[in-house]
Amino acid sequence: MIQWFQNMPAEWGNYVSMLLFLALALFVWQIPLSKIAAGLAAPKKWQDIRLWAMALIALQLVIYAVF
Amino acid sequence: MHTLDLVVIAGYVLLIIFVGLRFAGRVKNAHDFFLAGRSLTWWVIGLSIIGSNIDTNSYVGASGNAYTIGLAQANFEWIGAIPAMIIASLIFIPLYWRAGVYSIPEYMGLRYNQAVRVVTALITSVFAVFAMGVAMWALALVLETYLGWPIWLSILISGTVVGLYSITGGLAAVAFTDALQVSIMFFCGIAIVALGITELGGFSEFSSTLTRDNPDHLSVYLPADHPQSPWPGVILGLGIVLSPAYWIASQSILQRSLGAKSQWDASASMMFAAFAKTFVPLLIIFPGLLALVMQAPIDDSDKALPWIIKNVLPPGLSGLMFVAVIAALQSSIDSSINSTSLMITRDIRHVLLKQHDPAQDLVIGRWISLILLLAAMLIAPFISDLGGIFVFLQTGLSLFQGPMLALLLLGALSQRATPSAGLWTLISGVGLAAALQFTDLNFYYIAFISFCYSMLAIWSISAFTKGLSADQLATLTYRPFARESNS
């Protein structure tokens, strides 16, 4: 398997990374807010850490698309 | 060194001691000392996490590597950190928080058994002592280079400063001084970027000059047959194994999140740290690239950062940058002291000494912190004699990070893993990784293979060994999609 990987061009690294980040975004969005904001009586929009994660993932997608 | 630089350095040392000692009076018991009395807020913890994460290797070594291989070095800050930090924030930190543990080995003890707890604490502690020795030695080298102090004097002074606030003030002092230190690092990093780009006539000039002679230096991935950074190895070994093993299992990183004032603060702290982490390449990668574009006359890539500090920054700012390098080293040492002290005090002493007195944890924790600091100071002068100590540490980490990650993943996300499976997988997984060190496989691939083996081993052995009861598993496994009553 390692040999198979070694025959693939470096740009594939960018594509694989972007796919991983997209899969992570899908997974994160599936986690219920109640599990994330446990302990907060009335969580405000900015306290939804899933949104922070989405912004982070978007930033990473830009980085791996550009470089 | 310019007088203004010396004033800046003296001011920094006094400020750090003052801030650190202010927390000493608040430490009343072991809970305050090791977990800051669970009072820390998310942004302080987030900055502190980055402070603990950026060490000597990051600051000096990463700049040097960026000089040699370019932007590919930044993978340690991006694919090699961000996904794992997001997962740690949303899954593992809430789990540890709800389990009410002080440490990751303590969680392993609850989820598996006390033998697993002691073995993981022991392995982590031994490597932490060596890592502290390396950090102390590197700090002394920096002081010797810039101030001309003898190595022994540099070790004595830096050890005294770190010891003063970390032993008296505990985790709160460590976290707040780390936050201050990281702010200084970012300020200096942005100053280097701004001044460097300005001197070169803009970013487009910088990038065209860089890629003219080094076409791969602005590519985040290098070819698959690259000896140092093959892209499949980076994704499989670093992204999928080493990075999650670090971000969800490193006691020195996660301890401050366990000291958060709420579960939300604990989770938010790691996500905030991930944002900061995204911009860390500006601090540690860009100086290496800048030195290359500016055709720095250096014979060793590790001198890229010192050259930039000396030739790009004006007096005062170069003193502050020097402070940032010291800060990076100090924040790693202080975190290691506190977390290793915790593991020895609770995870090893509490299990091995049946007659232990928990009320003595604060006193014993402080004594162990002092002993750890002295041990690191004693080891430090001999680090250069060992030659391949960095390689030794990396190899040592690859021995157990694959099995540890497998234990945590299946332990936290599945109810299937049993205590016996955990213990035998830990032992056999470390054995397999040790055997693979004798092959010519890259370090990344060894980590990946030992991780895959460990996942299969736990899954298989669990099929015919006895697991924990459903009640015990309820608080020790994370099931975000389960019904409220089951979680």
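Residues numbered from 1 in each chain as written. Chains lettered and ligands numbered in written order. Predicted model: local features only at pLDDT ≥ 70, side-chain atom pairs only at ≥ 80, totals over all residues. Heavy atoms only, no water.

Asks: Before we go on, may I ask you to explain the interface of chain A and chain B in this structure?
Replies: One frequently used descriptor of interface size is the decrease in accessible area upon assembly of the parts. Counting residues at the interface gives 39 residues for chain A and 43 residues for chain B. Where chain A abuts chain B, roughly 3500 Å² becomes buried across the two surfaces, and 79% of that area is made up of carbon and sulfur atoms. The largest per-residue losses of area from chain A upon contact with chain B belong to Lys35, Leu56 and Phe67 of chain A, which jointly make up 20% of the total buried on that side. Run the count over chain A and chain B and you get 0 salt bridges. At the boundary of chain A and chain B, one finds 7 residue pairs in polar contact (both at pLDDT 80 or more). Sorting the residues of the side of chain A that touches chain B by element identifies helix 1 (2-6), helix 2 (11-30), helix 3 (33-36) and helix 4 (49-66) of chain A as the ones contributing at least two each. (Contact = heavy atoms within 4.5 Å. Buried area = accessible area lost by both parts, 1.4 Å probe. Salt bridge = Lys/Arg side-chain N within 4 Å of Asp/Glu carboxyl O. Polar contact = N/O pair within 3.5 Å; in protein donor to acceptor, adjacent residues only side chain to side chain. Helix = DSSP H or I, 4+ residues; strand = E, 2+ residues; numbered from the N terminus.)

Asks: Can you walk me through the nonpolar core in this structure?
Replies: Here is a general trend for soluble globular proteins: nonpolar side chains tend to be buried in one another's company. Within the largest apolar cluster, 186 residues are counted, with the highest numbers of intra-cluster contacts made by Tyr59, Ile86 and Tyr96 of chain B. Contact partners of Ile86 of chain B, with chain neighbours within four places excluded, come to Leu24, Val28, Ala53, Leu56 and Ile57 of chain A together with Met271 of chain B. (Core = buried A, V, L, I, M, F, W, Y, C linked by side-chain atoms within 4.5 Å. Buried < 20%, exposed > 50% of the residue type's maximum accessible area, 1.4 Å probe, protein only.)

Asks: Hey, could you run me through the packing of aromatic side chains in this one?
Replies: Tallied over the full model, the rule gives 17 aromatic pairs over all chains. Between Trp52 of chain A and Trp264 of chain B, the ring centres sit 6.0 Å apart and the planes meet at 85 degrees, which makes this aromatic pair edge-to-face. In this pair, Trp52 of chain A sits in helix 4 while Trp264 of chain B sits in helix 12 (residues 263-278), so the two residues belong to two different chains. Residue Trp52 of chain A shares its accessibility class with Trp264 of chain B, and that shared class is buried. For the ring pair Trp42 of chain B and Phe272 of chain B, a centre distance of 5.3 Å and an interplane angle of 90 degrees mean the geometry is edge-to-face. (Phe/Tyr/Trp six-rings, centres within 6.5 Å; stacked < 30°, edge-to-face > 60°.)

Asks: Just checking my understanding: could you explain a nonpolar patch on the surface for this structure?
Replies: A surface patch of nonpolar side chains, amounting to about 480 Å² of accessible area, comprises Val363, Trp367, Leu370, Ile371 and Leu374 of chain B. Summarising the element assignment, Ile371 of chain B is placed in helix 17 (residues 361-379). (Patch = residues over 30% accessible without salt bridge, like charges linked within 9 Å, V, L, I, M, F, W, Y side chains within 5 Å. Areas by Shrake-Rupley, 256 points an atom, 1.4 Å probe, with all protein chains shown as cover.)

Asks: It is not clear to me how the pattern of salt bridges should be interpreted in this structure. Could you clarify?
Replies: Any two side chains of opposite charge can pair if their charged atoms end up close together. Residue and element names in this part refer to chain A. One pass over the structure, following the stated rule, counts 6 salt bridges over all chains. Here Arg50 ties to Asp48 by a salt bridge, and the two come within 3.0 Å at their closest N and O atoms. The same class applies to Arg50 as to Asp48, namely buried.

Asks: Quick question: what am I supposed to make of the packing of helix 3 (residues 42-53) of chain B against helix 12 of chain B here?
Replies: The packing of two helices is summarised by the inter-axis angle and the distance between the axes. Residues and elements named next belong to chain B. One can describe the packing of helix 3 onto helix 12 by two numbers: an axis separation of 7 Å at closest approach and a directional angle of 50 degrees. By the angle class used here, helix 3 and helix 12 are oblique. As for how helix 3 packs across helix 12, the hand of that crossing is right-handed. Contact residues: helix 3 offers Trp42, Trp43, Ile45, Gly46, Leu47, Ile49, Ile50 and Asn53, while helix 12 offers Trp264, Asp265, Ala268, Ser269, Met270, Phe272, Ala273, Ala276 and Lys277. Here the contact of helix 3 with helix 12 is built from residues that sort into 12 nonpolar, 3 polar and 2 charged. (Axes fitted to C-alpha atoms, helices over the stretch in contact; angles between N-to-C directions. Parallel < 35°, antiparallel > 145°, perpendicular 65-115°, else oblique. Left-handed = near helix turned anticlockwise from the far one by under 90°. Nonpolar A, V, L, I, M, F, W, Y, C, P; charged D, E, K, R; others polar.)

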